[in-house]
Amino acid sequence: MVPLTDAPRQPRGRGPQQDRSRATRQRLLEAAVACLAELGWGGSTVSVVAERAGVSRGAAQHHFPTREDLFTAAVEHVAAERSAALRALLPAGAADLVRGDGGDPVRAEGAEPVRTVAVVRGVVDLYTGPLFRAALQLWVAAANEEQLRPRVAALEARVGREAHRMTVALLGADESVPGVRETVQGFLDMARGLGLATLLTDDSARRDRVVAQWSHLLTTALSHAGGH
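Cut-offs used in this document
Residues numbered from 1 in each chain as written. Predicted model: local features only at pLDDT ≥ 70, side-chain atom pairs only at ≥ 80, totals over all residues. Heavy atoms only, no water. Helix = DSSP H or I, 4+ residues; strand = E, 2+ residues; numbered from the N terminus. Buried < 20%, exposed > 50% of the residue type's maximum accessible area, 1.4 Å probe, protein only. Contact = heavy atoms within 4.5 Å. Areas by Shrake-Rupley, 256 points an atom, 1.4 Å probe, with all protein chains shown as cover. Axes fitted to C-alpha atoms, helices over the stretch in contact; angles between N-to-C directions. Parallel < 35°, antiparallel > 145°, perpendicular 65-115°, else oblique. Left-handed = near helix turned anticlockwise from the far one by under 90°. Nonpolar A, V, L, I, M, F, W, Y, C, P; charged D, E, K, R; others polar. Salt bridge = Lys/Arg side-chain N within 4 Å of Asp/Glu carboxyl O. Expected span 1.5 Å × (residues − 1). Core = buried A, V, L, I, M, F, W, Y, C linked by side-chain atoms within 4.5 Å. pLDDT = per-residue confidence, 0-100. Polar contact = N/O pair within 3.5 Å; in protein donor to acceptor, adjacent residues only side chain to side chain.

Draft legend 1. Region of the structure containing the overall build of the protein. Scanning the protein from terminus to terminus reveals nine helices and zero strands. Tracing the protein from N to C terminus, the helices and strands come up as α-α-α-α-α-α-α-α-α. Buried residues in the protein amount to 38% of all 228 residues. If you take every contact in the protein between residues at least 6 apart in sequence, the share linking residues at least 24 apart comes to 67%. For the protein, the exposed area adds up to about 12900 Å²; of that, 54% sits on carbon and sulfur atoms.

Listed below in structure tokens is the structure:
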């Protein structure tokens, strides 16, 4: 007889099985994002994604019964990853803020404050990286897929708002000052444009010059704002 003090036994293997299921789902989502970034919407079939993830088509369809289900989930995954990447810039930016004895940011090579350069570079790298390329493919797909369009539009609006908020926080900008909000948004629009340009050519040399110029523009705009 089992003692009354014994707790009910849990089904064996349930935890590891759930872990494996989550891991499979994660691999499929990451593979879907990678395929979108590299092959575009037309080349990103369920079979291609399953092969890249190292699972069978049947396993893929167990998690995502249709292609629409798979790439709708990929939309959400891309949005979450981009938001996480933006949030990760905040401690990195804070770490790059080197202060002198008087509390002023140390300027890199006598030019712009180290933090401003780090923020501009970090945001531009995000908008020219694989997550943004995958997002662009989702935009193209959403333009032709009625089922995807509302979800993509809503998620992009959310990511756009977060990008703006995080950039303001990273730069320490005061949006109550006239023109500051528009300057920050102009920078984000520029970064998005660089992401579009990167789809066609390796524009790294020109991008470095643009990063330097925008670091200067933001430094000037924010220092003037601080004087009001």
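Draft legend 2. Summary view of the packing of helix α6 (residues 130–144) against helix α7 (residues 149–171). Between α6 and α7, the shortest axis-to-axis distance is 8 Å and the interhelical angle comes to 140°. Relative to α7, α6 is oriented oblique. Two packed elements cross with a definite hand, and for α6 against α7 that hand is left-handed. Two secondary-structure elements touch here, α6 through A135, L138, W139, A142, A143 and N144 and α7 through R149, V152 and E156. Of the residues belonging to the contact of α6 with α7, the class tally is six nonpolar, one polar and two charged.

Draft legend 3. Fine view of the pattern of salt bridges. What the rule picks out here adds up to eight salt bridges. The partner of R22 in a salt bridge is D19, and the shortest N-O contact between them spans 2.3 Å. With R22 and D19 both in helix α1 (residues 14–43) and three residues apart, the pair spans about one turn of that helix. With a relative accessible area of 52%, R22 lands in the exposed category. Taking the shortest distance from any N to any O, the salt bridge between D208 and R121 comes out at 2.6 Å. On the criterion of sequence distance, the pair formed by D208 in helix α9 (residues 204–226) and R121 in helix α5 (residues 114–127) is long-range, its members being 87 residues apart.

Draft legend 4. Seen up close, α6. Its 15 residues give α6 an end-to-end C-alpha distance of 22 Å, which sits within 8% of 21 Å, the value for a rise of 1.5 Å per residue. Residues of α6 that are buried include every one of F132, A134, A135, L136, L138, A141 and A142, and no others.

Draft legend 5. A look at the packing of α7 against helix α8 (residues 180–198). With their axes 10 Å apart at the nearest point, α7 and α8 run at an angle of 115° to one another. Accordingly, the angle class assigned to the pair α7 and α8 is roughly perpendicular. Of the two possible hands of crossing, α7 and α8 adopt the one that is right-handed. Mapping the contact onto sequence places A163, H164, T167, V168 and L171 in α7 and R181, V184, Q185, F187 and L188 in α8. Per-class residue counts for the contact of α7 with α8 are six nonpolar, three polar and one charged.

Draft legend 6. Structural view of the nonpolar core. Judged by nonpolar contacts, the single largest core of 32 residues is most densely connected at L28, V49, L70, F71 and L148. Of all elements in the fold, only α1, α2 (46–53), α4 (67–96), α6 and α7 reach the threshold of two or more residues within this core. At nine residues, the largest contribution of residues to this core is made by α1. Setting aside its immediate chain neighbours within four residues, V49 contacts L28, A31, A32, C35, L70 and F71. Counting 28 residues, the second largest nonpolar core, distinct from the first, contains L86, L89, L171 and L188.

Draft legend 7. Spotlight on the confidence of the model for the protein. Within the protein, residue pLDDT values average 79, and 81% of them lie at 70 or more. No element of the protein has a lower mean pLDDT than α4, at 74, and none a higher one than α2, at 96. Counting interchain partners and residues more than four positions distant, the pLDDT-below-50 stretch residues 1–8 has zero contacts.

Draft legend 8. The environment of E175, seen in detail. With respect to the helices and strands, E175 occurs in the loop between α7 and α8. Taking the C-alpha atoms as reference points, E175 and L222, 47 residues apart in sequence, are found 9.8 Å from one another. Excluding residues that lie within four positions of it along the chain, E175 makes contacts with H164, V168, V180 and R181. Side-chain polar atoms of E175 contact the side chain of H164, separated by 2.6 Å.

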